[in-house]
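Examination of the molecular architecture
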Amino acid sequence: MWDRMHLTPLCLMLFVSFLFSSSLLSTLPAACLQVNPDRSQFFRYDSISLTCKDQLNSTGWKVKRNTSEGGVTACSFGWGFISSGSTCVIGNIYPSDTGVYWCESADGEQSNNINITVTDRTVLLESPAGPVFEGAAVILRCKPERTSSDHMFTFYKDGRPVGSSSTGETSIRRVSKSDEGLYTCSVAPGVESIGSWLAVEDSLTPSSSAPAAAWCSVSRLVCHLLVGTPYLLSTILLGLIYRDRNRAARLETERRGSKDVIMETVV
């Protein structure tokens, strides 16, 4: 039978769970900015969409940016248009769109920042827009503005060549902190992309200031688990109390029945 000695640890566990959930939820980014296509470099006239992924499905998030020419402005104020919900689309992107992008709520909460660069060069490097987890597979692509079968692509990290490819792709099967750095690529001598910084986050403690696109999905899952855990524990606790009361009532009924039988036998 469950008594106070059994219930006290469960109540304490429930209380600690609420405190832990509240504390950890406060460290998670309220929203994540995701870029599609998932890269940080774009050619002039490319199309790009930016979406605010909210952890708790609330509304009111807007995509904002800070550029050298326009300063801090929100989507649809002189650039882009809101296609649905918290998604901003830039149909034809220009070098003037180069800048830092993020999501911001009506209360001033901000998501991760993503740097977007629009290049006038004839080649760009496709790399993840945000940091990646340690152990993840990363593919880097060298993309010329005009394709040719004669191209031989060379990839560089911090100015040193790290590989070449005729397909325009190179991969890192299990990325680690040592792979973090500034990457570029070239299709010919003097024809080189601008640099893209590949940031690598620890798989257990991703940064809340600049999470990867994958971390957006992971943090949403963690968020739902943290919110649901206290309610699950509450349900279990109430179930145990209900079962204990039914058992006690049944035993009391049986005890009274036994007394009645004994009394009738005596009489």
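We now turn to the structure provided with this report. If you're wondering where the values come from, they're calculated on a predicted model, not measured in any experiment. (Residues numbered from 1 in each chain as written. Predicted model: local features only at pLDDT ≥ 70, side-chain atom pairs only at ≥ 80, totals over all residues. Heavy atoms only, no water.)

A few words now on the pairing of strand 3 (residues 48-54). Of all seven residues in strand 3, six are buried, a share of seventy percent or more. Where strand 3 lies against strand 7 (residues 87-90), four bridges are found, and the strand directions are antiparallel. Looking across to strand 7, one finds that I48 is bridged to I90. (Buried < 20%, exposed > 50% of the residue type's maximum accessible area, 1.4 Å probe, protein only. Helix = DSSP H or I, 4+ residues; strand = E, 2+ residues; numbered from the N terminus. Pairing = 2+ DSSP bridges.)

Turning to the layout of surface pockets, a few remarks are in order. As a volume, the largest pocket reaches approximately 260 Å³. In terms of lining, the largest pocket is formed by 17 residues, of which the most central are S40, N115, A129, G130 and W197. Where the lining of the largest pocket is concerned, the elements lending two or more residues are strand 9 (114-119) and strand 18 (196-198). Counting residues per element, the lining of the largest pocket draws most heavily on strand 9, which supplies three residues. Within the lining of the largest pocket, the residues separate by chemical class into eight nonpolar, nine polar and no charged. (1 Å grid on protein atoms, 1.4 Å probe; cavity = no way out; pocket = protein on both sides within 12 Å on 5 of 7 lines; lining within 4 Å. Points joined across faces, edges and corners; volume = space filled by probe spheres on them. Nonpolar A, V, L, I, M, F, W, Y, C, P; charged D, E, K, R; others polar.)

This part takes up the sheet that holds strand 7. Within the open sheet, the four strands sit side by side as 1-3-7-6. Their pairing is antiparallel. Of all strands in the sheet, those with a lone pairing partner are strand 1 (31-36) and strand 6 (81-84), marking the two edges. In this sheet, adjacent strand axes meet at a mean angle of 30° when their direction is disregarded. (Axes fitted to C-alpha atoms, helices over the stretch in contact; angles between N-to-C directions.)

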